[in-house]
Amino acid sequence: MATIQSPGLGSGLDVNGIVTKLMSVESQPLTALQNKETSIKARLSALGSLKSSVSSFQDAAKALNNLSKFTAMKASVADATVASVSASSSAVAGTYNLEVVSLANPHRLKSTALASADTVVGTGTLTFTFGTYDSIGNTFTANPDKAGASVTIAAGQDTLAGVRDAINAANIGVRANLINDGTGVRLALTTTEGGAANSIRLTVADDDATNTNTSGLSQLAYDPTAVAGSGKNLTQTSPAPSDASVKIDGVTITSTSNTLTNPVDGLTINLLDTTDTGVTTAITVAKDPSAAQTAVDTFVKSYNALTNQLQLLMAYNKTTGTAGPLNGDATARAVQSGLRSILNQTLSGVSGNYTTLSSVGISAQKDGTLSFDTSKFQTAAAANPTALAALFANVGQVTDSRVSFSSAGSSTSTGTFAINVTTPATQGNLAGNASANLTITAGVNDSLTVSIDGTAATVTLTAGTYASATALAAEVQARLNGSTTLSSVGKAISVSQSAGVLTITSNSYGSTSSVGSASGNAASDLLGAAPTATAGVNVAGTIGGTSATGSGQFLTSSDGLSIKVAATTATALGNISYSRGYGALLSNATSDYLKTNGLFSARETGLNASISDIDKQQTALQNRLIQVEARYRAQFTALDTMISSMNQTSSFLTQQLASLSALSNSSLK
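Bear in mind that the values here come from a model prediction, so they are computed numbers and not experimental data.

Cut-offs and rules
Residues numbered from 1 in each chain as written. Predicted model: local features only at pLDDT ≥ 70, side-chain atom pairs only at ≥ 80, totals over all residues. Heavy atoms only, no water. Buried < 20%, exposed > 50% of the residue type's maximum accessible area, 1.4 Å probe, protein only. Helix = DSSP H or I, 4+ residues; strand = E, 2+ residues; numbered from the N terminus. Pairing = 2+ DSSP bridges. Axes fitted to C-alpha atoms, helices over the stretch in contact; angles between N-to-C directions. Contact = heavy atoms within 4.5 Å. Domains from an automatic or database assignment. Lys, Arg positive; Asp, Glu negative; His and termini not counted. Salt bridge = Lys/Arg side-chain N within 4 Å of Asp/Glu carboxyl O. Phe/Tyr/Trp six-rings, centres within 6.5 Å; stacked < 30°, edge-to-face > 60°. Lys NZ or Arg CZ within 6 Å of the ring centre and 35° of its normal. Parallel < 35°, antiparallel > 145°, perpendicular 65-115°, else oblique. Nonpolar A, V, L, I, M, F, W, Y, C, P; charged D, E, K, R; others polar. Core = buried A, V, L, I, M, F, W, Y, C linked by side-chain atoms within 4.5 Å.

**Student:** Can you walk me through helix H8 (residues 385-392) in this structure?
**Tutor:** Every α-helix winds through 3.6 residues per turn, so residues three or four apart in the chain are directed the same way. With seven of eight residues buried, H8 lies mostly within the body of the structure. What H8 keeps buried is the set Pro 385, Ala 387, Leu 388, Ala 389, Ala 390, Leu 391 and Phe 392.

**Student:** Would you explain the sheet that holds strand S31 (residues 493-498) in this entry?
**Tutor:** Whether parallel or antiparallel, the strands of a sheet pair through hydrogen bonds between backbone atoms. Read across the open sheet, the four strands follow the order S31-S32-S26-S33; overall the sheet is antiparallel. Each of the sheet's edge strands pairs with one partner strand only, and the pair in question is S31 and strand S33 (532-534). This sheet shows a mean twist of 20 degrees between the axes of neighbouring strands, independent of strand direction. The sheet contact formed by S31 and strand S32 (residues 501-506) spans six bridges and is antiparallel. Residue pairing across strands places Ser 496 opposite Thr 503, the latter belonging to S32. Where helix H9 (residues 469-481) meets the sheet, it contacts S31 and S32, and its direction lies at approximately 165 degrees from that of S31.

**Student:** Any chance you could explain the pairing of strand S8 (residues 174-180) here in plain terms?
**Tutor:** Relative to strand S9 (residues 185-191), S8 runs antiparallel, the two sharing seven bridges. When the sheet's bridge partners are listed, Asn 177 is paired in S9 with Ala 188. Between S8 and S9, which pair antiparallel one after the other, the connecting turn spans four residues, and Gly 182 there sits at a positive phi close to 95 degrees.

**Student:** Whenever I open this one, the domain arrangement of the chain confuses me. Can you help?
**Tutor:** It is common to report an interface's size as the accessible area lost on association of the parts. Assigned domains of the chain: these are domain 1 (15-59 + 611-664), domain 2 (73-103 + 243-287), domain 3 (106-236) and domain 4 (427-534). Using only C-alpha atoms to locate each centre, domain 1 and domain 2 end up separated by 87 Å.

**Student:** Whenever I open this one, the side chain of Asp 446 confuses me. Can you help?
**Tutor:** Residue placement: Asp 446 occurs in the loop between strand S27 (439-440) and strand S28 (447-452). One buried charged residue, Asp 446, remains without a salt bridge, the closest side chain of opposite sign being Arg 479 at 9.6 Å.

**Student:** I tried to follow the sheet that holds strand S13 (residues 235-236) on my own but got confused; where do I start?
**Tutor:** One open sheet accounts for four strands, arranged S8-S9-S4-S13; its pairing is antiparallel. Edge positions in the open sheet fall to S8 and S13, since each of these has one partner strand only. Docked against the sheet, helix H4 (residues 160-170) engages S8 and S9, running at close to 155 degrees with respect to S8.

**Student:** Can you walk me through the packing of aromatic side chains in this structure?
**Tutor:** Each aromatic ring pair is specified by the distance between its two centres and by the angle formed by the two planes. Within the structure shown, the criterion is met by five aromatic pairs. Residues Phe 57 and Tyr 303 carry aromatic rings whose centres are separated by 5.8 Å and whose planes lie at 55 degrees to one another, so their mutual orientation is tilted. In this pair, Phe 57 sits in helix H2 (residues 28-64) while Tyr 303 sits in helix H5 (residues 290-313), placing the two residues 246 residues apart along the sequence. Across this residue pair, the class does not change: Phe 57 and Tyr 303 are buried. Following the ring pairs from residue to residue traces out a cluster consisting of Phe 57, Phe 299 and Tyr 303. Taking the ring centre of Phe 130 as reference, the NZ or CZ of Lys 146 above it sits at 4.7 Å. Its end group placed over the ring of Tyr 632, Arg 631 keeps NZ or CZ at 6.0 Å from the ring centre.

**Student:** Got a minute to help me understand the packing of helix H7 (residues 374-383) against H8 in this structure?
**Tutor:** Helix-helix packing is characterised by the crossing angle of the two axes and by the distance between the axes. Packing of H7 against H8 brings their axes to within 5 Å, and their N-to-C directions diverge by 120 degrees. Taken together, the axis directions place H7 and H8 in an arrangement best described as oblique. Judged by residue contacts, Phe 377, Ala 380, Ala 381, Ala 382 and Ala 383 of H7 engage Pro 385, Leu 388 and Phe 392 from H8. Here the residues of the contact of H7 with H8 are counted per class, giving eight nonpolar, no polar and no charged.

**Student:** What should I look at first to understand the nonpolar core in this one?
**Tutor:** Most often, soluble globular proteins have nonpolar side chains that are buried together. Core analysis: the largest hydrophobic core is formed by 65 residues, its most contacted members being Leu 50, Phe 299, Phe 377 and Phe 392. At 12 residues, H2 tops the list of elements feeding residues into this core. If near-sequence neighbours (up to four positions away) are discounted, Phe 392 is found in contact with Leu 64, Asn 65, Phe 70, Val 296, Leu 357, Val 360, Ile 362, Phe 377, Gly 581, Tyr 582, Gly 583 and Ala 584. Counting residues in hydrophobic clusters, the runner-up holds 27 residues, among them Leu 109, Leu 189, Leu 202 and Tyr 222.

Here is the structure:
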């Protein structure tokens, strides 16, 4: 007889249905865990969305913590074909009359005509020096403020086109082009800056060992003091290099560039064309509140967006009984209450008419958002931009022009603090002990090695007899500042002379500022046999009567208030009044919320830990449910088998009884 294979088939019991219903009851704890995990994940997602909004709001708050937005000035010129103009915050409002007498012209040189761009010129090194040529004295004086540079022409770059490309790739302030004038191809060189002080002297170290003739790479040499065809092998084209000349309110100003920086305090003028003789165009300077207004408008909109999102995420609907994913969340409440608390407080260290947001047109609404009255804000900006800036930004106002506010930390105290300098910052230098030899001879006394702030550089000076110690100092300065070894690490120097004695001074300040001992065959001729090296010193002093830490020219208090001190003597330097505005406060607060161990990080870590714990509980419970289901199925399968057997026995007995009854009836007949 075949066995029953499907549960319930033999007994009539719905074993699968019974087990399914029992397991549904057994699985209720698992369903509860799954629902809990879904809720936590929804909260985690909502927290991530809120975190993103807080980050956007932080950007808006940081933009307010920018003093220049509140002190910005704007400038315009009546005749835009003559010049363009821009203004910094130090510019003074007013009108200035500009007459452009002449523009600065760059220096232009051309080579002789060669057959083609592929004509081989030669290999070696081109050394560019920028300076002023005096045709009367036939002297060239290097521009100490414009570094020279060298360009190596290697094999493979030795054609006319290769030389052009090498010069342009070096980006040294000279633009090279090839021009075909019908007689051949010429190399044309043009300085990227105009002015008589930016003329080119181009010396050549030719690999053919002849550096001034008209063959090989030396055919590109150009020393304006040399003889044509013997070191002066390029031709100057018109117009000659010249300075720009302008008159501002009748005062004549000359410049080597067509960009005039601070001809009037805070103004930058880009010259485009000359005016007719005696004709002026007006430059108008005025306050520019637009940047500040834009920043405040962005701030208000960002805060309102954040407020609306917080309200949505934390909401509870009594009618439907539904809650937002962050309803009751401590982190969301902390962000909401923290930002509101800052906006409602009156700032310390700020005085005058503007001490609250409402005083400049920013008011709280009943729904928790902010409104922005631009008209009221513009009135405040026009009346007192400095006080307006203090309402939003970190502001350090000093009473002595030799001090400038640098920065402050989140824990810096607000208030007014006295500044006293006991030791001014100094620069490291190397001072010669004998008059410099003004004659530099190639291979004899033209090489100098010196260490600037710990970085050693070797330069080669241009051979020749210099007209003065000042001219030689300019050459040394230009060569050292043109050294890529120094410029690549941000090092620079200045070279001065007194009674013919040279001094090399590092441009940096403080204990890291130094000019080490000089070496090379030019060292003793430039600086004497025993030059004196003096290391720089950090500024020292007090802020608010408490000793501060000096680093270079920067003096920093123990709580992070940092100032730059340009004083050259020990003296009292007045006071600094430091205040922290709403933009700074909100930026600091949101930074704390968003930092690695901040509110959001801690909450996210906790929620992720909860999810991980629930996952473990679910795994354990799922394993137990598998065992429970197996047990139920075993029990009901056994019951099913037993009932099936009993049913079979019942059928058998019924049949037997029926047979007995039939026999009994038959015997009675």
